[in-house]
Amino acid sequence: MLVDGVAHRTIWLSDDGESVEIIDQTKLPHEFEIVRLSTVEDAAHAIRTMQVRGAPLIGASAGYGVALAMRVDSSDAGLDNACKTLIATRPTAVNLRWALDEMQALLQPLPAGDRRDAAYRRAAEICDEDVGINEGIGSHGVELIRAAAEGKGGGPVNILTHCNAGWLATVDWGTATAPIYRAHDAGIPVHVWVDETRPRNQGASLTAWELGHHGVPHTVIVDNVGGHLMQHGQVDLCITGTDRTTGAGDVCNKIGTYLKALAAHDNNVPFYIGLPSPTIDWTLGDGVAEIPIEERDPKEVSEMTGRTADGRIETVEITPQGSAVANYAFDVTPARLVTGLITERGIAAASRDGLLGLFPERG
Ligand code: MRU
């Protein structure tokens, strides 16, 4: 998508043909900084510290992480170690495991000497596939927005989203945002309610930044506002992303998504998920019981970072010293609260039958 008129992806191969470049998302929205990854440890660090984040981009970064590892050691041990290092970075987004499985399935049978080039090729393909998948989500999801606009006599359609499931969370286009960008580009009037998404503020820092750069009208709200807006007819539909969706349609996404889905259900507001197929975990049935929920550093809750009036980036404490702090990063929205799953193949009911209708090869 465009940043100051220049098209960008979130991850790409450097001019040297070996290292990889990313946008450092920990610096946004105040600075647009590009970071070079040269080793598998660099890639693991980028995922762990959330320089790259968002389920599809975590997967794409892991693919390139394996390629970086194959530069220096393409033995079986080198491949195993790279996958072990990368899988340990973040537990919830299943795209990480998916991408590593893809890389291992391709590379394991090859002679060590062939693995380096094959790894770079597959990592690039994973990136391109992600862009194609998101374009598919966009083309199906835009019809929901078009219908909502027609139902309102032309719009604007108010869409609430949580966290960042935008192009910054993917290689390009985003999942939840792909239908929104498509609608905006097609001249359908849209306005996005952007949940700030404490504690890391991916909504306020990232979604607002990327919507602004694309010219999409939006308003940042604190996380507790959505229910009030829904009660007052200010939300036409919700679209969020997902980090892992079970084969039965339970959706794990950024903490707070479940509460939005409850409020949407209570107010008859449609609640949709942008769901790329690599984010489906076909091995799981009950999302609440089975999906591992990442718990992160309590400092993400007890501190806040921002820019001062004179341009300095400062971190301040916001809780009393000595108070216990918990930091659960994701929650699970049961399938019964989800109106539909917008995939690259079409929109499915949030159920095993619904998903199998679009992905019969998984039956
Ligand atoms: O902790 P993050 O920033 O990686 O969490 C991101 C989300 O929860 C997104 O909504 C999800 O990954 C979908 S991204 C297309």
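## Describing the pattern of salt bridges
Scanning all chains against the criterion turns up 24 salt bridges. Salt-bridge contacts for E314 lead to R312; the nearest nitrogen and oxygen are separated by 2.3 Å. For E314, a relative accessible area of 34% translates into the label partly exposed. Residues joined in a network through salt bridges with shared partners are R90, R200, E294, R296 and E300.

## Notes on the nonpolar core
Side chains that are nonpolar tend, in soluble globular proteins, to be buried together. I11, V66 and I145 are the most contacted members of the largest nonpolar core, which totals 74 residues. Broken down by element, the residue count for this core peaks at 14 residues, all from helix α5 (residues 112-151). Structurally, this core is a two-domain feature, drawing no fewer than three residues from each of domain 1 (2-129) and domain 2 (137-362). The next biggest cluster of nonpolar side chains, apart from the first, holds 26 residues, and it includes V251, A261, I273 and A350.

## Notes on unusual backbone geometry
In this model, L28 is joined to P29 through a cis peptide bond whose omega is 10 degrees. The topology assignment puts P29 in the loop between β4 (20-23) and β5 (34-37). Note the cis peptide between R198 and P199, where omega equals 5 degrees. With respect to the helices, strands and loops of the structure, P199 is situated in the loop between β7 (190-195) and α7 (202-214). Backbone geometry at M50 places phi at a positive 70 degrees, although glycine is not the residue there. Summarising the element assignment, M50 is placed in the loop between α1 (40-48) and α2 (55-72). In this model, N201 sits at a positive phi of 60 degrees, which is unusual for a non-glycine residue. You can see N201 is positioned in the loop between β7 and α7. Judged by relative accessible area, N201 falls into the buried class, the value being 13%.

## Digging into the sheet that holds β4
Within the open sheet, the three strands sit side by side as β3-β4-β5. Their pairing is antiparallel. Looking at strand neighbours, the two that pair on one side only are β3 (11-13) and β5, the edges of this open sheet. Taken pair by pair, the neighbouring strands of this sheet meet at an average axis angle of 25 degrees, ignoring direction. Here β3 runs beside β4; their pairing, made up of three bridges, is antiparallel. Of the residues in β4, the one forming a bridge with W12 is E21.

## So, the site of the ligand
The ligand sits among 19 residues. The nearest are R90, Q202, D243, N253 and K254. Between the ligand and Q202, the relevant distance is 2.9 Å, taken from an oxygen atom to a side-chain nitrogen or oxygen of the residue. Here the ligand loses 100% of its free accessible area of 410 Å² to cover by the protein chains. Applying the majority rule of atoms within 2 Å of the grid points places the ligand in the largest cavity. Those elements that provide at least two residues to the shell around the ligand are α2 and β11 (251-254).

## Side note on the domain arrangement of the protein
Annotation of the protein at the domain level lists domain 1 (2-129) and domain 2 (137-362). Each of domain 1 and domain 2 was reduced to a C-alpha centroid, and the two centroids are 24 Å apart. Taken together, the two surfaces of domain 1 and domain 2 that pack against each other cover about 2,800 Å², and 57% of this comes from carbon and sulfur. Among the residues domain 1 hides against domain 2, the three largest losses belong to H30, R53 and T92. Together they make up 21% of the total. Inspection of the domain 1/domain 2 interface yields two salt bridges. A salt bridge links R90 to E294, with the shortest nitrogen-to-oxygen separation between them at 2.8 Å. Inspection of the domain 1/domain 2 interface yields 14 residue pairs in polar contact (both at pLDDT 80 or more). Those elements that provide at least two residues to the side of domain 1 that touches domain 2 are β1 (2-3), α2 and α4 (94-107).

## Some remarks on the packing of aromatic side chains
Within the structure shown, the criterion is met by four aromatic pairs. With a centroid separation of 6.4 Å and an interplanar angle of 40 degrees, the aromatic rings of W167 and W209 are classed as tilted. On the criterion of sequence distance, the pair formed by W167 in the loop between β6 (157-161) and α6 (177-185) and W209 in helix α7 is long-range, its members being 42 residues apart. By the burial criterion, W167 is buried, and W209 matches it.

## Focus on the sheet that holds β6
Taken together, seven strands build an open sheet; the order of strands is β8-β7-β6-β9-β12-β17-β18 and the sheet is mixed. The open sheet is flanked by β8 (218-221) and β18 (346-348), the only strands paired with a single partner. Neighbour-to-neighbour, the strand axes of the sheet open up by a mean angle of 25 degrees, direction not taken into account. Sheet topology places strand β12 (residues 271-274) next to strand β17 (residues 340-343); three bridges connect them, and they run parallel. Across the sheet, Y272 pairs through a bridge with G340, a residue of β17. Running over the sheet, α5 touches β6, β7, β9 (237-240), β12, β17 and β18 and is turned about 130 degrees from β17.

The rules behind the values
Residues numbered from 1 in each chain as written. Predicted model: local features only at pLDDT ≥ 70, side-chain atom pairs only at ≥ 80, totals over all residues. Heavy atoms only, no water. Salt bridge = Lys/Arg side-chain N within 4 Å of Asp/Glu carboxyl O. Buried < 20%, exposed > 50% of the residue type's maximum accessible area, 1.4 Å probe, protein only. Core = buried A, V, L, I, M, F, W, Y, C linked by side-chain atoms within 4.5 Å. Helix = DSSP H or I, 4+ residues; strand = E, 2+ residues; numbered from the N terminus. Domains from an automatic or database assignment. Pairing = 2+ DSSP bridges. Axes fitted to C-alpha atoms, helices over the stretch in contact; angles between N-to-C directions. Near = heavy atom within 4 Å. Polar contact = N/O pair within 3.5 Å; in protein donor to acceptor, adjacent residues only side chain to side chain. Areas by Shrake-Rupley, 256 points an atom, 1.4 Å probe, with all protein chains shown as cover. 1 Å grid on protein atoms, 1.4 Å probe; cavity = no way out; pocket = protein on both sides within 12 Å on 5 of 7 lines; lining within 4 Å. Sits in = over half its atoms within 2 Å of the grid points. Buried area = accessible area lost by both parts, 1.4 Å probe. Phe/Tyr/Trp six-rings, centres within 6.5 Å; stacked < 30°, edge-to-face > 60°. Contact = heavy atoms within 4.5 Å.

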